[in-house]
Amino acid sequence: MVTVTEKAKQRILGIMREENYDDTYFVRVAVESGGCSGLSYKLDFDHEQKQGDQFFEDNGVKICLDIKSYLYLAGTELDYSDGLNGKGFEFHNPNASRTCACGESFAV
């Protein structure tokens, strides 16, 4: 399961309002090959369920993971930073053995 901090929840809800997404939309979190550490995080909004999708809800946010991504992201916290070091979503993944400096890729 992926957990969502309050700051991430507020940003997700803000994006959904800005884009006029209704309650059929959810956050799709995935892992892709690539990035300087080998695997990259991907976050998007979707409203179509695919075979093998795993759904969770935390802090009022519906999250979807494909089965491969679930194996890499179990226990991950999704946060949002708006500090001086850059804005954006951050993944705090306990399964990562190393991450790149920007935090956008990881290895297990």
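Bear in mind that the values here come from a model prediction, so they are computed numbers and not experimental data.

Student: What is the right way to read the pattern of salt bridges from this model?
Tutor: A side chain with one charge may pair with a side chain of the opposite charge, provided their charged atoms come close. Taken as a whole and assessed by the stated rule, the structure comprises 5 salt bridges. Measuring nitrogen to oxygen at the nearest pair gives 2.9 Å for the salt bridge that ties Arg28 to Asp46. Pair noted here: Arg28 is in strand 2 (residues 26-33) and Asp46 is in strand 3 (residues 39-46), with a separation of 18 residues, a long-range link. Under the relative-accessibility criterion, Arg28 is labelled buried at 12%. Overall, Asp46 belongs to the buried group, its relative accessible area being 14%. Across the salt bridge formed by Glu32 and Lys42, the nearest N and O atoms sit 3.6 Å from each other. Separated by 10 residues along the polypeptide, Glu32 in strand 2 and Lys42 in strand 3 bring together distant segments of the chain. Judged by relative accessible area, Glu32 falls into the partly exposed class, the value being 36%.

Student: What's the story with the packing of aromatic side chains in this structure? I'm lost.
Tutor: For any pair of aromatic rings, the description rests on two quantities: the centre-to-centre distance and the angle between the ring planes. In total, this model carries 6 aromatic pairs according to the counting rule given. Considering the side-chain rings of Tyr41 and Phe91, the 4.2 Å spacing of their centres and the 10° angle between planes classify their relative orientation as stacked. Taken as a pair, Tyr41 in strand 3 and Phe91 in strand 7 (residues 86-92) lie far apart in primary sequence, 50 residues in all. Both rings, one in Phe56 and one in Tyr70, keep their centres 5.7 Å apart while their planes meet at 15°; by these two values the pair is stacked. Taken as a pair, Phe56 in strand 4 (residues 54-58) and Tyr70 in helix 2 (residues 67-73) lie far apart in primary sequence, 14 residues in all. Taking the relative accessible area as the measure of exposure, Phe56 reaches 18% and is therefore buried. For Tyr70, a relative accessible area of 27% corresponds to the partly exposed category. By the ring-pair criterion, three or more aromatic residues cluster together here, those being Tyr21, Tyr25 and Phe45.

The rules behind each value
Residues numbered from 1 in each chain as written. Predicted model: local features only at pLDDT ≥ 70, side-chain atom pairs only at ≥ 80, totals over all residues. Heavy atoms only, no water. Salt bridge = Lys/Arg side-chain N within 4 Å of Asp/Glu carboxyl O. Helix = DSSP H or I, 4+ residues; strand = E, 2+ residues; numbered from the N terminus. Buried < 20%, exposed > 50% of the residue type's maximum accessible area, 1.4 Å probe, protein only. Phe/Tyr/Trp six-rings, centres within 6.5 Å; stacked < 30°, edge-to-face > 60°.

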